[in-house]
Number of protein chains: 2
Amino acid sequence: MPVKTNDPLRKTWLKVPADSDFPIQNIPFGVFLTRDDIVTIGTRIGDYAIDLGALHQLGYFEGIPLTDDIFLQDTLNDFISDGKKTWRLVRNRISEIFEENNAKLRDNDEHRSIVLFTLDEIEMQLPVQIGDYTDFYSSKEHATNVGTMFRDPENALMPNWKHLPVAYHGRSSSIVTSNVPVHRPMGQTMPAGADKPVFGPSKLVDFELEMAFITTDANLLGEPISVADAEDYIFGLVLFNDWSARDIQKWEYVPLGPFLAKNFASSISAWIVTMDALEPFRVEGPVQDPAPLPYLAQEGQKSFDINLEVAIAPENSDATTVAKSNFKYMYWSMAQQLAHHTVNGCKVNSGDMMGSGTISGPTKDSYGSMLELTWRGENPLTLANGETRKFINDHDTVILTGYCKNDSVRIGFGEVRTKLLPPFEH
Amino acid sequence: MPVKTNDPLRKTWLKVPADSDFPIQNIPFGVFLTRDDIVTIGTRIGDYAIDLGALHQLGYFEGIPLTDDIFLQDTLNDFISDGKKTWRLVRNRISEIFEENNAKLRDNDEHRSIVLFTLDEIEMQLPVQIGDYTDFYSSKEHATNVGTMFRDPENALMPNWKHLPVAYHGRSSSIVTSNVPVHRPMGQTMPAGADKPVFGPSKLVDFELEMAFITTDANLLGEPISVADAEDYIFGLVLFNDWSARDIQKWEYVPLGPFLAKNFASSISAWIVTMDALEPFRVEGPVQDPAPLPYLAQEGQKSFDINLEVAIAPENSDATTVAKSNFKYMYWSMAQQLAHHTVNGCKVNSGDMMGSGTISGPTKDSYGSMLELTWRGENPLTLANGETRKFINDHDTVILTGYCKNDSVRIGFGEVRTKLLPPFEH
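Residues numbered from 1 in each chain as written. Chains lettered and ligands numbered in written order. Predicted model: local features only at pLDDT ≥ 70, side-chain atom pairs only at ≥ 80, totals over all residues. Heavy atoms only, no water.

- Chain A is annotated in an unreviewed UniProt entry as fumarylacetoacetase from Sediminicola luteus.
- The annotation that UniProt attaches to chain A under Pathway (unreviewed entry) is "Amino-acid degradation; L-phenylalanine degradation; acetoacetate and fumarate from L-phenylalanine: step 6/6." (UniProt positions renumbered as here; feature names shortened; annotations may be inferred.)

Right, dumping it as structure tokens:
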């Protein structure tokens, strides 16, 4: 673990607002378009975006084995492919460069003007080219709520659920980053009591509060990754809104799972927070009973204490927080998920993304979807402006935020903010 | 339609064996490694592989709008992205270059020595970088067989099945081409009568006889493709063996669909046969009753008459043909599949792949999987060497072949040949 970099007493010569998600202890990675219309890989401290391509050209990463153009790319895939040792060397070096007593960049006006951007000068991009995206279903509370509503309250969890991290493949091509609006999907649904399906806009568009981790190249085709090694192949995490059309889903998903109900859009936050930055926030996960099979057995603090929130902002209105949950509620850990995913030899590449599944907590205000918060629309939520919502309306903006916090430091993810537009018109 | 190129009387100055899958009327596209260890895009006539990168450098594509390096790539994605008009211009030009009376290349020894390779001089590669892979479930006979075995013979087809082309997302990273061996997967299964799952090698590894089509960039996120336009976004087809582990699948797939039972490996043939080459083999598809919703309604000959076969070759033994089916049995057409896939705005990119689902015919010898051919192992097949098979054994090679044939021409896909190895060992 990079102790100095995570030292809560470490300060930077950059101005960092109180309660920022991005103190010098965070150092996330992202991709942005600069004022000169150049795409570069960067990091963020406080409200400054830092051009790592420029820093590298100026020699600030000397001694670290990096190709010349590693940061002059429009995705993080190649950098992530360099592996954990390199990520850590780079993150630690960035921490040194911006440490308050390090004069090298601090006192070089020319270099600073090349390297630093204010947030209004840049436009964040999707940070990785996602080859494959898998979505798990690892919150017991969420699976229980859904099973209770749609199947059998007495047997809400399927027999396999506590034995393996249930998952399905999602669609990579429809993943966008924060601030990219998405359209309400059209689709086929079966109205209650009808004898044939109808076609039209989904009436039940929902968010799902999730997080997702981004992997590096983990294995050869055929080769499993052990649960003990799995975290070494995880680059970091993002917030993830797994948009869902409940009425489309209900009609289409038997027997092969969700498809068009999900793949119209999925939204991730723009900055990937590294596993190293999250290290101080490790916690025990839920007790697993029955004990998992040996290939899934994991000791120690296998989860992370990450506070998660969802807010809804109607057009021209303030946002209302509608749910507060926590990543630590996840029954299956990321290491267990990745070990399970590869136990059959499935190949995992740099830039692949694995979603947690909706993260619902134990209380009604900690549920991670409108489906659960309003219990299928039976109990609409009232927003700050007096309007009510069963699901998400056109022109609503859904905002997911997440942060870790202890007595001395806050490490955050920023937000993933997405406006729902009416169906696409030619 | 490119009439001259498809003219069955057209002959080439290259030697083409009788009954070759690759007469001058085919002109498929693929990627291969040459004797000089260079990766290039190419086509095939008879038993010659033709280096399109070299042909382009030598000026043979003059007048067609192509970038200089369009064929000097390790995938077809960029060429496919150029669109249908360009594919057609290139295919038609290749047909002209190799037409028997065209002396330009035929009589240029130096150029011929640069451009032509025998098959033993090259190694075929995966032809596209597959961003997203979707598998449909569009054979009524297959869905009925599976529904009869695992659910309810009286209601074998789910209520949604005749209203929409059911599909699920698959895993792109595990797709390999012909002649790449794959490992039997390890995994979790629930033995009959047991009260807890066990871990070990899958005991029920199966092939699935499918075809898959490769798309070009079709739309913006949010924008549907109409069924009338859909075929314009399909570059061509390959044979597809969707390897399946039936015991893993049975335990894991509820409620979100198949996952590790599928993503350990999927195998496609190396040459992509274009839609233009298949044009002479259009046929009616099955009658669709009830009539699909308007967004899925399609007139005319929407399917293709493609003969499909599966053979199994045990180690050191001859192959035995175990199934003969046909692409035309598919209930839902490719155009309907693509229109459905995008009706919600799902983005489709160049190089995306969409599998048909197992293509089973109406008779017991036309079923597209061992699951169906042996009816869950109840009726083992006897191979030519006297051995029997319920499913696929270690060291067996499974060979899928496919071809169209009429009185005057045969257009084939070659084969996808895959050996099943024992589980991976470190």
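Next comes the rest of the description.
1. A short note on the nonpolar core
Point 1. Phe327 of chain A together with Phe327 of chain B are the most contacted members of the largest nonpolar core, which has 155 residues in total.
Point 2. In this structure Phe327 of chain B touches Met211, Leu237, Ser303, Phe304, Ile306, Leu308, Met334, Ser356 and Ile359 of chain B, once residues within four positions along its chain are discounted. (Core = buried A, V, L, I, M, F, W, Y, C linked by side-chain atoms within 4.5 Å. Buried < 20%, exposed > 50% of the residue type's maximum accessible area, 1.4 Å probe, protein only. Contact = heavy atoms within 4.5 Å.)

2. Re the interface of chain A and chain B
Point 1. Counting residues at the interface gives 59 residues for chain A and 59 residues for chain B.
Point 2. With both chains or domains summed, chain A and chain B bury close to 5600 Å², and 64% of this area falls on carbon and sulfur atoms.
Point 3. Taken together, chain A and chain B are joined by four salt bridges.
Point 4. Asp132 of chain B is paired through a salt bridge with Arg171 of chain A; the nearest N and O atoms lie 3.6 Å apart.
Point 5. Where chain A meets chain B, there are 33 residue pairs in polar contact (both at pLDDT 80 or more).
Point 6. Looking at the side of chain A that touches chain B, the elements with two or more residues in it are strand S7 (167-169), strand S10 (186-189), strand S11 (198-201), helix H8 (246-252) and helix H10 (334-342) of chain A.
Point 7. Top element by residues in the side of chain A that touches chain B is S7 of chain A. It accounts for three residues. (Buried area = accessible area lost by both parts, 1.4 Å probe. Salt bridge = Lys/Arg side-chain N within 4 Å of Asp/Glu carboxyl O. Polar contact = N/O pair within 3.5 Å; in protein donor to acceptor, adjacent residues only side chain to side chain. Helix = DSSP H or I, 4+ residues; strand = E, 2+ residues; numbered from the N terminus.)

3. Brief notes about the pairing of strand S21 (residues 320-326) of chain A
Residues and elements named next belong to chain A.
Point 1. The buried fraction of S21 is high, at five of seven residues.
Point 2. Inspection of the sheet shows strand S20 (residues 307-313) paired to S21 by six bridges, in the antiparallel sense. When the bridges of S21 are listed, Ile312 appears paired with Thr320.
Point 3. Connecting S20 to the next strand, S21, in antiparallel fashion are six residues, including Asn316 with a positive phi near 60°. (Pairing = 2+ DSSP bridges.)

4. Observations concerning the sheet that holds strand S1 (residues 30-33) of chain A
All names here are of chain A.
Point 1. Taken in spatial order, the five strands make up an open sheet running S4-S3-S2-S1-S5, and their pairing is antiparallel. Pairing within the sheet leaves two strands with one partner each, and these edge strands are strand S4 (116-118) and strand S5 (123-124).
Point 2. Here S1 runs beside strand S2 (residues 39-45); their pairing, made up of four bridges, is antiparallel. Paired with Leu33 across the strands is Val39, a residue of S2.

5. Here we look at the relation of the copies chain A and chain B
Point 1. You can overlay chain A on chain B at an RMSD of 0.0 Å; the transform is a turn of 180° with a shift of 0.0 Å along its axis. Overall, the copies show the geometry of a two-fold rotation axis. When C-alpha distances to the rotation axis are compared across chain A, the minimum falls at Gly257 of chain A, with a value of 2.3 Å. (Least-squares fit on C-alpha atoms with pLDDT ≥ 70 in both.)

6. Concerning the UniProt feature "binding site: substrate" (unreviewed entry) in chain A
All names here are of chain A.
Point 1. According to UniProt, the feature "binding site: substrate" (unreviewed entry) maps to Tyr137, Arg151, Gln249, Tyr253 and Thr358 in the numbering used here.
Point 2. Note on placement: Gln249 falls in helix H8.
Point 3. With relative accessibility at 16%, the residue Gln249 sits in the buried group.
Point 4. Apart from the residues lying within four places of it in its own chain, the contact partners of Gln249 are Ser244, Pro258, Ala261 and Lys262.
Point 5. Tracing the backbone shows Thr358 in the loop between strand S22 (353-355) and helix H11 (370-373).
Point 6. Residue classification places Thr358 among the buried positions, given a relative accessible area of 1%.
Point 7. Leaving out residues up to four positions away in the same chain, Thr358 has contacts with Ser139, His142, Glu208, Leu209, Glu210, Gly368, Ser369 and Glu372.

7. As for the environment of Asn344 of chain B
Point 1. With respect to the helices, strands and loops of the structure, Asn344 of chain B is situated in the loop between helix H10 (334-342) and strand S22 (353-355).
Point 2. The exposure class of Asn344 of chain B is buried, given its relative accessible area of 4%.
Point 3. Once the C-alpha coordinates of Asn344 of chain B and Gly222 of chain B are considered, the two residues, 122 residues apart in sequence, prove to be 6.7 Å apart.
Point 4. Excluding anything up to four places from it in sequence, Asn344 of chain B contacts Pro185, Met186, Leu260, Asn263 and Phe264 of chain A.
Point 5. Polar contacts involving the side chain of Asn344 of chain B include one to the main-chain carbonyl oxygen of Leu260 of chain A, which spans 2.7 Å.
Point 6. A polar side-chain atom of Asn344 of chain B sits 2.9 Å from the main-chain amide nitrogen of Cys346 of chain B.

8. Observations concerning the pattern of salt bridges
Point 1. Tallied over the full model, the rule gives 46 salt bridges over all chains.
Point 2. Among the ionic pairs, Arg184 of chain A bridges to Asp394 of chain A, the shortest N-O distance being 2.6 Å. Of the two residues, Arg184 of chain A is situated in the loop between strand S9 (182-183) and S10 and Asp394 of chain A in the loop between strand S24 (388-389) and strand S25 (397-405); the sequence distance between them amounts to 210 residues.
Point 3. Note on Asp394 of chain A: relative accessible area 27%, which makes it partly exposed.
Point 4. Residue Glu315 of chain B pairs with Lys419 of chain B through a salt bridge whose shortest N-O separation is 2.6 Å. One end of the pair, Glu315 of chain B, is in the loop between strand S20 (307-313) and strand S21 (320-326); the other, Lys419 of chain B, is in strand S26 (residues 410-421), with 104 residues separating them in the sequence.
Point 5. Residue class for Lys419 of chain B comes out partly exposed when judged on its relative accessible area of 27%.
Point 6. One network of salt bridges, in which partners are shared, links Asp206, Glu208, Asp242, Arg246 and Lys262 of chain A.

9. Focus on the state of the cysteines
In a disulfide, the sulfur atoms of two cysteines are held together by a covalent bond.
Point 1. Under the definition given, this model contains zero disulfides over all chains.
Point 2. Here Cys346 of chain B is not disulfide-linked; the sulfur of Cys346 of chain A is the nearest cysteine sulfur, at 20 Å. (Disulfide = S-S within 2.5 Å.)

10. Examining the packing of aromatic side chains
Point 1. In this structure the tally under the stated criterion is 29 aromatic pairs over all chains.
Point 2. Aromatic side chains Phe61 of chain A and Phe71 of chain A sit 5.5 Å apart centroid to centroid with 50° between the ring planes, which places their arrangement in the tilted category. Taken as a pair, Phe61 of chain A in the loop between helix H2 (52-57) and helix H3 (77-81) and Phe71 of chain A in the loop between H2 and H3 lie far apart in primary sequence, ten residues in all.
Point 3. Classification of Phe61 of chain A by relative accessible area gives buried; the value is 1%.
Point 4. When its relative accessible area of 0% is taken as the criterion, Phe71 of chain A is described as buried.
Point 5. Judged by centre distance (4.6 Å) and plane angle (25°), the ring pair of Phe199 of chain A and Tyr295 of chain B falls under stacked. In this pair, Phe199 of chain A sits in strand S11 while Tyr295 of chain B sits in the loop between strand S18 (282-283) and strand S19 (303-304), so the two residues belong to two different chains. (Phe/Tyr/Trp six-rings, centres within 6.5 Å; stacked < 30°, edge-to-face > 60°.)

11. Regarding unusual backbone geometry
Point 1. Look at the link from Val254 of chain A to Pro255 of chain A: it is a cis peptide, with omega at 5°.
Point 2. For Pro255 of chain A, the location among the structural elements is in the loop between H8 and strand S16 (266-268).
Point 3. For the bond from Asp289 of chain B to Pro290 of chain B, the omega torsion is 10°, close enough to zero to count as cis.
Point 4. Residue His395 of chain A is not a glycine yet carries a positive backbone phi of 75°.
Point 5. Relative to the elements of secondary structure, His395 of chain A occurs in the loop between S24 and S25.
Point 6. Positioned with a positive phi, Trp375 of chain B is a non-glycine residue whose angle comes to about 50°.
Point 7. Mapped onto the elements of the fold, Trp375 of chain B is located in the loop between helix H11 (370-373) and strand S23 (381-382).

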